[in-house]
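Each chain is listed here by its residues.
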Amino acid sequence: MSVELTVPEVGESITEVQIGRWLKADGDTVARDEDLVEIETEKASVVVPAPEAGTLEILVAEGEFAEVGDAIARIGEGTGEVAKPVEMAAKETPAEAEADEAVVMPAAARLLEEHGLDVADVEATGPGGRLLKEDVERHLQSRDAKAAAREVLDEAPAAEPTPAPAAPAETAETAPASAPGRGEEIRPMSMIRRTIANRLVEAQQNAALLTTFNEVDMAPVKALRARYKEQFEKRHGARLGFMSFFVKASVEALQRFPAVNAEIRGTEIVYRDYCDIGIAIGGGKGLVVPVLRNAEAKTFAEIEKSIADLGARAQSNQIEPDELAGGTFTISNGGVYGSLLSTPIVNPPQSGILGMHAIQDRPVARDGEVVIRPMMYVALTYDHRIIDGREAVTFLRTIKDVLEDPARLLLEV
């Protein structure tokens, strides 16, 4: 008797997922609780284990979409070889039921039914002879192109045959379409990338975003790190980085200017007495923003350990969805990629985001003399509906002052 592997509930309000990567091949023998597939939600990747031991039969291919509760695989009895399916997936459609031997994926079945196509008319290219949504789309594109070509031929007026003109010299404009290096590859947008795109557009459309800039002399922080980094690492087992200083400085500024830590809900403003700071991290599937809860209560060591753990798990797509939820303020460090200056976009419904950038040795004036200092541009993008320009500028100035005199973090001045 076979057991279906269904899409589990992976978070509040999440109804659709994308199949990321099958960790086992079709026909493989799997053990109970063995990791089978990575599924991508709009927030993170989740690994789904095998509910039982047996032989894996994949029903939904990588890159395909499925809804929570849909069957994406079957685990049958036996080892090493998948028996020919005798029943269809749980959400079988009439188009699937008409297929004799072809296994029709749910998304492909919906397209077949929508366009009145027969399974036998479409070439299946999926694993194990499965008919994929892409197969149906390819068939429809080919059919439409042929129909358009026939219309052109039918409407073209008859003409007397004329001698063929001499072929022109080939130029860049007349190069054949089959010229090398001009291929295209179409891939579905990942769930995480779709969510990023939607939220960025939402922020631009629904908030009055403005950015203010300043620059920070990082010499004091660099000197402090150089002096204590070895002791810090020996005692806490974590590297003392720049991010913990920026988190601490942000907490100080957020507590002084609560509007930057607030959000608009309808016609009301929600102020918080806690700082849940999101740290933008480039993960294996794209940018993710895990949240440091109650950053105002964390020590430097706790912040550094949390960031190191989140960064490692982001690279292996192991961030849990609840670690991405919420957040009252965000810090994004484009400097790790070499960015010198940027205008970060607020992560709604938050009202502010701090952008860090690369540290560069630059000439600056100090006490009437030109000296070389390690400088960093910082940017604060904020929602002008809730934060006035004076508050934003002073907020960023507070971060600058704290970083240029880190003793303020201990003395609370």
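Residues numbered from 1 in each chain as written. Predicted model: local features only at pLDDT ≥ 70, side-chain atom pairs only at ≥ 80, totals over all residues. Heavy atoms only, no water.

1. Side note on the overall build of the chain
Summing up its helical and strand segments, the chain has nine helices and 19 strands in all. Counting the 413 residues in the chain, one finds 42% classified as buried. Within the chain, residue pairs in contact and separated by at least 24 positions form 61% of the contacts whose partners lie at least 6 positions apart. Total accessible area on the chain stands at roughly 23000 Å², and carbon and sulfur atoms take up 50% of it. (Helix = DSSP H or I, 4+ residues; strand = E, 2+ residues; numbered from the N terminus. Buried < 20%, exposed > 50% of the residue type's maximum accessible area, 1.4 Å probe, protein only. Contact = heavy atoms within 4.5 Å. Areas by Shrake-Rupley, 256 points an atom, 1.4 Å probe, with all protein chains shown as cover.)

2. Details of unusual backbone geometry
In this structure, the amide linkage connecting Pro348 to the following residue, Pro349, adopts the cis form with an omega of 10°. Looking at the element boundaries, Pro349 is found in the loop between strand E16 (329-333) and strand E17 (352-356). Unusually for a residue other than glycine, Asn294 sits at a positive phi of about 50°. Looking at the element boundaries, Asn294 is found in the loop between strand E15 (291-292) and helix H7 (300-315). A relative accessible area of 37% means that Asn294 is categorised as partly exposed. Here Asp367, not a glycine, exhibits a phi torsion of approximately 55°, which is positive. Relative to the helices and strands, Asp367 is located in the loop between strand E18 (359-366) and strand E19 (369-383). Asp367 sits in the exposed class, given a relative accessible area of 82%.

3. Comments concerning helix H8 (residues 389-404)
With 16 residues, H8 ought to run about 22 Å at 1.5 Å a step, and its terminal C-alpha atoms sit 23 Å apart, in line with that. Among the residues of H8, those classed as buried are Glu391, Ala392, Phe395, Leu396, Thr398, Ile399, Lys400, Val402 and Leu403. (Expected span 1.5 Å × (residues − 1).)

4. As for the pairing of E19
When strand E9 (residues 209-217) meets E19, the two strands line up antiparallel, connected through nine bridges. By the bridge assignment for E19, Glu215 is matched with Tyr377. Here E18 runs beside E19; their pairing, made up of eight bridges, is antiparallel. Bridge pairing in E19 places Arg362 opposite Arg373. Joining the antiparallel neighbours E18 and E19 is a turn of two residues, in which Asp367 adopts a positive phi near 55°. (Pairing = 2+ DSSP bridges.)

5. A closer look at the side chain of Thr41
Tracing the backbone shows Thr41 in the loop between strand E4 (35-40) and strand E5 (45-49). Overall, Thr41 belongs to the buried group, its relative accessible area being 0%. Non-local contacts of Thr41, meaning those with residues more than four positions away in its chain, are made with Val10, Ile14, Val17, Val46, Met191 and Ile192.

6. Things to note about the nonpolar core
The biggest cluster of nonpolar side chains holds 51 residues, and the ones touching the most others in it are Val247, Ile277, Ile331 and Phe395. When contributions to this core are tallied by element, the ones reaching two or more residues are helix H5 (219-236), helix H6 (243-256), strand E12 (277-279), H7, E16, E17, E19 and H8. When residues of this core are assigned to their parent elements, the largest contribution, eight residues, is made by H6. Dropping the residues within four chain positions of it, Ile331 is found in contact with Met243, Phe246, Val247, Ser250, Ile277, Gly278, Ile279, Ala280, Leu354 and Met356. Residues Val17, Leu36, Ile39 and Ile75 belong to the second largest nonpolar core, which totals 23 residues. (Core = buried A, V, L, I, M, F, W, Y, C linked by side-chain atoms within 4.5 Å.)

7. Describing the sheet that holds strand E7 (residues 65-67)
Spatially, the four strands line up as an open sheet ordered E5-E4-E2-E7, and their pairing is antiparallel. Among the strands making up the open sheet, the edge pair consists of E5 and E7. Sheet twist, expressed as the mean angle between neighbouring strand axes with direction ignored, is 40°. Two strands pair when backbone bridges link them, and strand E2 (residues 16-22) and E4 are joined in this way by four bridges, in the antiparallel orientation. In the sheet register, Arg21 faces E4, and the bridge partner there is Glu38. Along the sheet, helix H4 (residues 191-206) makes contact with E2, E4 and E7, crossing E2 at roughly 140°. (Axes fitted to C-alpha atoms, helices over the stretch in contact; angles between N-to-C directions.)

8. Overview of H5
Across its 18 residues, H5 extends 24 Å between first and last C-alpha, which sits within 8% of the 26 Å expected from 1.5 Å per residue. By the largest-angle criterion, Tyr228 marks the main kink of H5, which is about 55°. Among all positions in H5, only Ala219, Val221, Arg225 and Phe232 are buried. Where H5 is buried, its residues contact E9, H6, H7, E19 and H8. After H5 finishes, the residue Gly237 shows a positive phi value of roughly 70°. (Bend = angle between axes of the 7 residues up to and from the residue.)

9. Quick notes on the sheet that holds strand E8 (residues 71-76)
Strand pairing in a sheet is mediated by backbone hydrogen bonds. Such pairs are either parallel or antiparallel. Pairing in this open sheet of four strands is antiparallel, and the strands run E1-E8-E6-E3 from one edge to the other. Bordering the open sheet on either side are strand E1 (3-6) and strand E3 (29-30), each of which pairs with just one other strand.

10. Overview of a nonpolar patch on the surface
A contiguous nonpolar surface patch, about 260 Å² in accessible area, is contributed by Phe213, Leu340 and Leu341. Residue placement: Leu341 occurs in the loop between E16 and E17. (Patch = residues over 30% accessible without salt bridge, like charges linked within 9 Å, V, L, I, M, F, W, Y side chains within 5 Å. Salt bridge = Lys/Arg side-chain N within 4 Å of Asp/Glu carboxyl O.)

11. A look at the packing of H6 against H8
Where H6 contacts H8, the two axes come as close as 9 Å, and the packing angle between them is 135°. The angle between the axes of H6 and H8 places the two elements in the oblique class. Our pair here, H6 against H8, has a crossing hand that is right-handed. Residues Phe245, Phe246, Ala249, Ser250, Glu252, Ala253, Leu254 and Arg256 of H6 form the contact with H8, whose participating residues are Phe395, Thr398, Ile399, Val402 and Leu403. By residue class, the composition of the contact of H6 with H8 is nine nonpolar, two polar and two charged. (Parallel < 35°, antiparallel > 145°, perpendicular 65-115°, else oblique. Left-handed = near helix turned anticlockwise from the far one by under 90°. Nonpolar A, V, L, I, M, F, W, Y, C, P; charged D, E, K, R; others polar.)

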